[in-house]
Amino acid sequence: MAETENIYTDPKNYVNREMSWLEFDYRILNEARDKSIPLFERLKFLSITASNLDEFFMVRVASLKDMVHAKYRKPDIAGLKPEEQLALIGEKTHDLVSLQYSTYNRSLLPTLKQQGLWVICEHEELSGPEADYVDRFFHENVYPVLTPMAVDSSRPFPLIRNKTLNIAALVQKKDGEEDLEFAMVQVPSGLPRIVELPNGPEGERRVILLEEIIERNIKELFLNYNIVTAHPFRIMRNADFSLDEEEAVDLLEEIQKQLKKRQWGEVIRLEVEEKVDKRLLKILKKELAVGAEDIYEINGPLDLTFLMKMYGMTGFDALKTPFYIPQQIPALMNEDDIFTNIRRGDILLHHPYQTFDPVVNLVRTAAKDPDVLAIKQTLYRVSGHSPIIAALAEAAENGKQVSVLVELKARFDEENNINWAKKLEKAGCHVIYGLVGLKTHCKITLVVRREEDGIRRYVHLGTGNYNDSTAKLYTDCGLMTCHPQIGEDATAVFNMLSGYSEPPTWNKLALAPLWLRSRCVKMIRREADLARAGKQGHIIAKMNSLCDKEIIATLYEASCAGVKIELIIRGICCLKAGVPGLSENITVHSIVGNFLEHARIFYFGNDGSPEVYMGSADWMPRNLDKRVEIMFPVEDAQLREQVVHILEVQLADNVKAHILQPDGTYEKIDKRGKVLVTAQETFCEEAIALAASHTEDQDIHNTRVFVPAEA
Amino acid sequence: MIRTFAAIDVGSFELELGIFEISNRNAIHSVDHVKHTIALGKDTYNEGRISYGLVEEMCEVLNDFVRIMKGYQITEYRAYATSAMREASNSQLVLEQIRVRTGIEVKIISNSEQRFISYKAIAAKDEEYQRILQRGTAIVDVGFGSMQASLFDKDALTSTQNLPLGVLRLREMVAKARISSEQEKTLVAELIDNELVTYRKMYLKEREVRSLIAIGEPVLTLFYRMGDGKKDQITQEEFRKFYQKLSSMTLDQKKDEFSVNGEYAAMLFPTATIYKRMMEITGAEILWVPGIRMVDGIAADYAEDKKLLKFNHNFSNDITAASRNMAKRYKCHMPHIQAVENAALLIFDSLKKYHGMKERERLILQIAADLHSCGKFVTLRDATDCAYNMIMATEIIGLSHLEREIVANVVKYHARNFRYNELKVEAQPYCDSRLANPENLTLLIAKLTAILRLANSMDRGHQNKLAGCKITLRDNQMIITTDYDGDVTLESLSIAEKSDFFEENFGIRPILKQKKRV
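All figures in this text were calculated on a predicted structure; none of them were measured in a lab.

To continue, consider the overall build of chain A. The helix and strand inventory of chain A stands at 20 helices and 27 strands. Taken over the C-alpha trace, chain A has a radius of gyration of 28 Å; the compact-globule value for 711 residues is 27 Å, and the two agree within 12%. If one aligns the C-alpha atoms of chain A with their principal axes, the spans along those axes are about 90 × 65 × 65 Å. Split into buried and exposed, the 711 residues of chain A put 57% on the buried side.

Right, dumping it as structure tokens:
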């Protein structure tokens, strides 16, 4: 018995999360390499692999480096010590980067050329008139904002800002034969990276990158010097900081301080051009104190995120996937206000296939409604000009009680968050700046309304942030309800977030970090018990990442008990699928599509009376133990079917889905002889059809019947 | 019409806010509820006063309560403080701080008022309450500072006792002794047994108790895991099993299992032990946990005051049953008691136009009549002084502290000279709107004393001679006419003796007349 228990928890049956994450970036890179995808979409995917990798370095690699410095030697889920992980990461990222650039150079650039877009890689390739234009452009637009810096005995090595693109040069005084000196200039981040050249030949557009223009004119910056060599470089610093919350009197101040500090972190990656001058590299290496394994010699332009800007170039519409317009929700396609509609029954929202407007509308309507007493909401990564923030401020000005929990610890977004949090406070909202030791990741809105028969609560629960911009790109689900038990729970959630004791019991919601983990484990075990009793055990779970050891061990155990487990996991998955004797009943699908898969949905067969939940939490230790998360049930039978349908279509996807193999690699499904299913496209079509059929139902020309309005 | 109402409980261990909707249809419905742990009792029980730090924290939390109340646009609230504040020497200062800094007026209520309020919340759960009362029942209200055991006789609550078995108090006591956790368990059990054995000997004899109603915050925490949060009653056997499991758990396990902090977890065992012992010594088969908190009681009390809620249960019956029970306990001569009570009420009713008093005063008079001779149990010489103290020491659920003090004074002065300037009342005249004229308590006590005196003299010979007498009023005279044809000299003399004081108060002179047989 002890032995079989061991196999579930044995580190060799787990995948290191960083390796699994890199696998995910590879899957995105695969999309960039997929010739069946519109060209400009491929640029976008390549750009995403680059920005993903940046974040990966700043957060994950940085924290592993910290562990090494701190002599922290605890092995991870797969039994690897921090330095072992770093070694593996180094190897795999170098491979990934070469694949990124071979994709760029060998596949994308030639195809772009075919389609009439020339990217001039070296300024030497410019034609005469083009060179003139570029030089003029430099003098008029670039030169005024540059700050050239030289290093000698009197001037120390300059501070190089995190993630900025710079040009380093070796220079030599014109009048003397003195030693080579180091000089550098930052490529200004305020100017567009891509500069389009005028007057190209017919049917051809030509662009050049800003750093090439600067490099071409660099002599203008160091007039008394000869330029020996000049090359772009870019560094990545350790950006992860830990907040000492117990001591921080004012969390806000602390974060502002940390933001300034962030520029000074240790250098953990140096990117330079492949053909860089060895003397130059030596100086950079020494001054930035960076090890050989952290240097990436790049065959092409540094920082591929400029490709996102290239995607945004006008024209080339034929090379992009047509823009999808989020559809209306039939339950809301009427004259009644949103409260009336929610009272008729729970409403399911599936973004971005369906519009996010109702969520904004709920807050907006509540802000103006004379019967609304209070609005409470958790906000995390909200867009700068969010209509929700405006509506909340308006509500407070209208005398509603508005409580907002603003999560300041959302990575890289702090500056943005602090601004609008202050704006809300000014308007009279009660703003809570996060909880000590916990991030608030749950997405919940509560509107308290005084109605004839007493107080009624309207609740929106979601899997994605209250961000109207990302709601157009991320696939998420939401539920609007006025079920009194969920309302009570929602009130309790906000009371807890305000620092009060937990309620005696929860009616419907399961919360992390206190209850969610055990609840999930319990439900997986229930399926295992069913399977052992000879009944059918079935779990379908969709999430972004799976890397919690207890959950994975429980899943292995359930698989061995005979439970059919179908996982749909976009990113990290530390579980091994389809391994005989361990996980042969587990499959893992991973979908990378135009929209970012983001919803978390959990289905449990429960012996014929299925339970479906949605929520904000992945099955990751940080979500289950270090964050406030909510998992909520979908109880309306019709809505539950719709949610199950979402899962089924995703499982049926054979175009965008990769399947995790027992050896840890991901492979696409063999499509031969199969009807092609692309889940995201299917959802788009369905949403359009649903909205259209509803419009038709109401169109007098179709029904040919006058319908008297109800009193 | 739905009213929203806020109840604030400034308890010994927690600050609690309940927001309620009160309507005729929904009855009382809780809409929001928050609590904040703050161990005021720890300060009071150890130091005798509440420290500045806690006042600071308390004001902060209460200010947040005000914010929540504003969110529901609350205009009506009641805030009550209990034992920790009651016993703190600096309570007046603390209350003033709270008033100035938060705008909240907190009232300190007496123990019996506190228990009565919770009791009303139970009675508001009408159906189950009536069902449980069919059989012998006791309410066991274990709080942080003390516990209250109340016994029912049929459907009337007849006695109530406060025992110093609060779980926070117990824990603080045990925490002082540096002992192992096993020893700690024994010590807790001994402390509890010590009190409960005496209680059993004095009060439980011959009482049949089939069910216990458990209220108070500590049992709620215990019970939500015990009963899976679904059912609210468990049997003795189930409780025993649960108790065994609990006593084998470590503090950490308790924290996890009950999802509470360490402070709370340490109080689970004392709570369970009290209920286990109570079940054993009463022989109760069922423990009913109706999920009542102080704030529910405050809401029920408010609803009754505002006539938004009518109880099926008659609380006045409880009060008279309890006072009769007390009279019996102190071996009063019950036929005499009955005679005095009848006479007193007869006088009261006949003089309605002259004295201006109402139902509540009538009830107070009735109780004073029932208890007028209980002091004789202790001593025959200064019986009324004794009676005063006995009444002040005996809680009667349903009677406010002030009312009980009035009863005690009426009993005290019924057999001694009444000095108008000497009389002092301890209780703060509180929102007790049930009294017709709470401002002038001296006159109220004088009037009731005059009636009781007269009523007592009407049965001076303890023979119930004047049974069935009639009272008529004519020309400033109150003529008491009796059919009794024996000798009434004693009664006549006695009445004459009391008539000056009676006239002084009502402007009417009582005269006894015997009806001559034709």
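What follows covers the nonpolar core. Ranked by size, the top nonpolar core spans 125 residues in total, and within it Met-310, Leu-546, Leu-555, Leu-567, Leu-575 and Trp-619 of chain A carry the most contacts. Counting residues per element, this core draws most heavily on helix H3 (residues 39-69) of chain A, which supplies 14 residues. Those residues within four positions of Leu-546 of chain A in sequence are excluded, and the remaining contacts are Ile-551, Ile-552, Leu-555, Leu-567, Ile-569, Ile-572, Cys-573, Cys-574, Leu-575 and Trp-619 of chain A. In terms of nonpolar packing, the next biggest core, distinct from the first, is built from 86 residues, Val-448 and Ile-568 of chain A together with Ile-19 and Ile-74 of chain B among them.

Turning to the sheet that holds strand S5 (residues 194-197) of chain A, a few remarks are in order. Residue and element names in this part refer to chain A. In spatial order, the strands read S1-S6-S5; together these 3 strands make up an open sheet with mixed pairing. Here the strands that pair on one side only, and so sit at the sheet edges, are strand S1 (117-120) and S5. Along the sheet, successive strands turn relative to each other by an average axial angle of 30 degrees, direction set aside. Relative to S5, helix H5 (residues 128-142) is tilted by about 135 degrees, and along the sheet it contacts S1, S5 and strand S6 (205-209).

Right, let's talk about the side chain of Arg-600 of chain A for a bit. Counting through the fold element by element, Arg-600 of chain A comes out in strand S23 (residues 600-604). When near neighbours in sequence (up to four residues on either side) are disregarded, Arg-600 of chain A contacts His-441, Thr-463, Lys-542, Met-543, Asn-544, Tyr-613, Met-614, Gly-615, Ser-616, Ala-617 and Asp-618 of chain A.

Moving on: empty space enclosed by the protein. Residues and elements named next belong to chain B. In the structure shown here, the tally under the stated rule is 6 cavities of 30 Å³ or more. For the largest cavity, the lining is made up of 25 residues, of which Asp-9, Gln-114, Gly-143, Phe-144 and Met-294 are closest to its centre. Sorting the residues of the lining of the largest cavity by element identifies strand S2 (14-23), helix H3 (83-87), helix H5 (111-124) and helix H9 (217-226) as the ones contributing at least two each. Both domains that furnish three or more residues to the lining of the largest cavity are identified here as domain 1 (3-109) and domain 2 (125-291).

This next bit is on the packing of aromatic side chains. Evaluation of the coordinates by the stated rule reveals 32 aromatic pairs over all chains. Aromatic side chains Tyr-119 of chain B and Phe-152 of chain B sit 6.0 Å apart centroid to centroid with 65 degrees between the ring planes, which places their arrangement in the edge-to-face category. In this pair, Tyr-119 of chain B is assigned in helix H5 and Phe-152 of chain B in strand S7 (residues 147-153), connecting sequence segments 33 residues apart. Each member of the pair, Tyr-119 of chain B as well as Phe-152 of chain B, is classed as buried. Between Tyr-330 of chain B and Phe-377 of chain B the ring centres are 5.1 Å apart and the planes differ by 55 degrees, which places this aromatic pair in the tilted class. Of the two residues, Tyr-330 of chain B is situated in the loop between helix H14 (315-329) and helix H15 (334-350) and Phe-377 of chain B in the loop between helix H17 (359-371) and helix H18 (383-393); the sequence distance between them amounts to 47 residues. Residue classification places Tyr-330 of chain B among the buried positions, given a relative accessible area of 18%. Cluster of aromatic residues (ring-pair linked, three or more members): Trp-21, Phe-56, Phe-57 and Tyr-296 of chain A.

What follows deals with the pairing of strand S15 (residues 443-451) of chain A. All names here are of chain A. Of all 9 residues making up S15, 8 are buried, and the element is well covered by its neighbours. Summarising the sheet, strand S11 (residues 372-379) and S15 pair through 5 bridges and their orientation is antiparallel. Each bridged residue has a counterpart across the sheet, and for Lys-376 the counterpart in S15 is Leu-446. When S15 meets strand S16 (residues 454-462), the two strands line up antiparallel, connected through 9 bridges. When the bridges of S16 are listed, Glu-451 appears paired with Gly-454. Linking two consecutive strands that pair antiparallel, namely S15 and S16, is a turn of 2 residues.

Attention now goes to the confidence of the model for chain B. In regions of low pLDDT, the predicted coordinates are not meant to be interpreted in detail. When pLDDT is averaged along chain B, the result is 85, and 95% of the positions lie at 70 or above. Interface predicted TM-score (ipTM) for the complex: 0.74; the corresponding pTM is 0.82.

What follows is about the interface of chain A and chain B. Each side of the interface is counted separately: chain A has 19 residues, and chain B has 26 residues. Both faces considered, chain A and chain B share a buried interface measuring about 2,000 Å² in area, 45% of it formed by carbon and sulfur atoms. On the surface where chain A and chain B come into contact, there are 0 salt bridges. Among the secondary structure elements, those contributing two or more residues to the side of chain A that touches chain B are strand S12 (401-406), S15, S16 and helix H14 (484-497) of chain A. Considering every element that reaches the side of chain A that touches chain B, the biggest residue donor is S16 of chain A, with 3 residues. Classifying every residue of the side of chain A that touches chain B gives 6 nonpolar, 8 polar and 5 charged.

The subject of this paragraph is the sheet that holds strand S14 (residues 509-514) of chain B. Residues and elements named next belong to chain B. Pairing is mixed across the open sheet formed by 3 strands, whose spatial order is S12-S13-S14. Only two strands of the sheet have a single partner each, and these edge strands are strand S12 (470-474) and S14. Taking the axes of each pair of neighbouring strands and ignoring which way they run, one obtains an average angle of 25 degrees across the sheet. In terms of strand pairing, S12 meets strand S13 (residues 477-482) through 5 bridges, oriented antiparallel.

With that out of the way, let us pick up the packing of H17 of chain B against helix H20 (residues 441-458) of chain B. Residue and element names in this part refer to chain B. Between H17 and H20, the least distance of the axes is 10 Å, while the angle of their chain directions is 50 degrees. The angle between H17 and H20 falls in the class oblique. The interaxial crossing formed by H17 with H20 has right-handed handedness. Across the interface between the two elements, Glu-361, Ile-364, Leu-365, Ala-368 and Ala-369 from H17 touch Leu-444, Leu-448, Ile-451 and Leu-452 from H20. Of the residues contributing to the contact of H17 with H20, the split by class is 8 nonpolar, no polar and 1 charged.

Before going further, it helps to examine the packing of H15 of chain B against H17 of chain B. Residues and elements named next belong to chain B. Where H15 contacts H17, the axes come no closer than 8 Å and their chain directions differ by 155 degrees. Taken together, H15 and H17 sit at an angle that is classed as roughly antiparallel. Regarding H15 and H17, the two cross each other, and that crossing is right-handed. Residues Ile-337, Val-340, Glu-341, Ala-344, Leu-345, Phe-348 and Asp-349 of H15 form the contact with H17, whose own contacting residues are Glu-361, Arg-362, Leu-365, Gln-366, Ala-369 and Asp-370. A class-by-class count of the residues in the contact of H15 with H17 yields 7 nonpolar, 1 polar and 5 charged.

Along the polypeptide, Lys-498 of chain B turns up in helix H21 (residues 489-506). Setting aside residues no more than four positions away along its own chain, Lys-498 of chain B makes contact with Arg-453 and Ser-457 of chain B.

Residues and elements named next belong to chain A. Assignment of secondary structure puts Arg-237 in strand S7 (residues 225-237). Buried charge without a salt bridge: Arg-237, with Glu-266 as the nearest opposite-charge side chain at an N-O distance of 9.0 Å. Within the local environment of Arg-237, its side chain forms a polar contact with the backbone oxygen of Ile-160, the two atoms lying 2.6 Å apart.

This paragraph deals with helix H10 (residues 236-247) of chain B. In an α-helix, one turn spans 3.6 residues; hence positions three or four apart end up facing the same way. All names here are of chain B. With 12 residues, H10 should reach 16 Å at 1.5 Å per residue; the first-to-last C-alpha distance of 16 Å fits that figure. Buried within H10 we find Phe-239, Phe-242, Tyr-243, Leu-246 and Ser-247. Projected down its long axis, H10 shows its buried positions confined to an angular sector of 130 degrees, all on one face.

This part covers unusual backbone geometry. The peptide bond linking His-351 of chain A to Pro-352 of chain A adopts the cis configuration, its omega dihedral lying at -5 degrees. Tracing the chain through its elements places Pro-352 of chain A in the loop between strand S10 (347-351) and helix H11 (357-368). Following Ala-512 of chain A, the chain continues to Pro-513 of chain A via a peptide bond in cis, the omega torsion being 0 degrees. For Gln-73 of chain B, which is not glycine, the phi dihedral falls at a positive 50 degrees. In this structure, Gln-73 of chain B sits in the loop between helix H2 (52-71) and strand S4 (76-81). Under the relative-accessibility criterion, Gln-73 of chain B is labelled partly exposed at 44%.

About the cut-offs
Residues numbered from 1 in each chain as written. Chains lettered and ligands numbered in written order. Predicted model: local features only at pLDDT ≥ 70, side-chain atom pairs only at ≥ 80, totals over all residues. Heavy atoms only, no water. Helix = DSSP H or I, 4+ residues; strand = E, 2+ residues; numbered from the N terminus. Rg over C-alpha atoms; globule rule 2.2 N^0.38 Å. Buried < 20%, exposed > 50% of the residue type's maximum accessible area, 1.4 Å probe, protein only. Core = buried A, V, L, I, M, F, W, Y, C linked by side-chain atoms within 4.5 Å. Contact = heavy atoms within 4.5 Å. Pairing = 2+ DSSP bridges. Axes fitted to C-alpha atoms, helices over the stretch in contact; angles between N-to-C directions. 1 Å grid on protein atoms, 1.4 Å probe; cavity = no way out; pocket = protein on both sides within 12 Å on 5 of 7 lines; lining within 4 Å. Points joined across faces, edges and corners; volume = space filled by probe spheres on them. Domains from an automatic or database assignment. Phe/Tyr/Trp six-rings, centres within 6.5 Å; stacked < 30°, edge-to-face > 60°. pLDDT = per-residue confidence, 0-100. Buried area = accessible area lost by both parts, 1.4 Å probe. Salt bridge = Lys/Arg side-chain N within 4 Å of Asp/Glu carboxyl O. Nonpolar A, V, L, I, M, F, W, Y, C, P; charged D, E, K, R; others polar. Parallel < 35°, antiparallel > 145°, perpendicular 65-115°, else oblique. Left-handed = near helix turned anticlockwise from the far one by under 90°. Lys, Arg positive; Asp, Glu negative; His and termini not counted. Polar contact = N/O pair within 3.5 Å; in protein donor to acceptor, adjacent residues only side chain to side chain. Expected span 1.5 Å × (residues − 1). Arc of directions from axis to C-beta.

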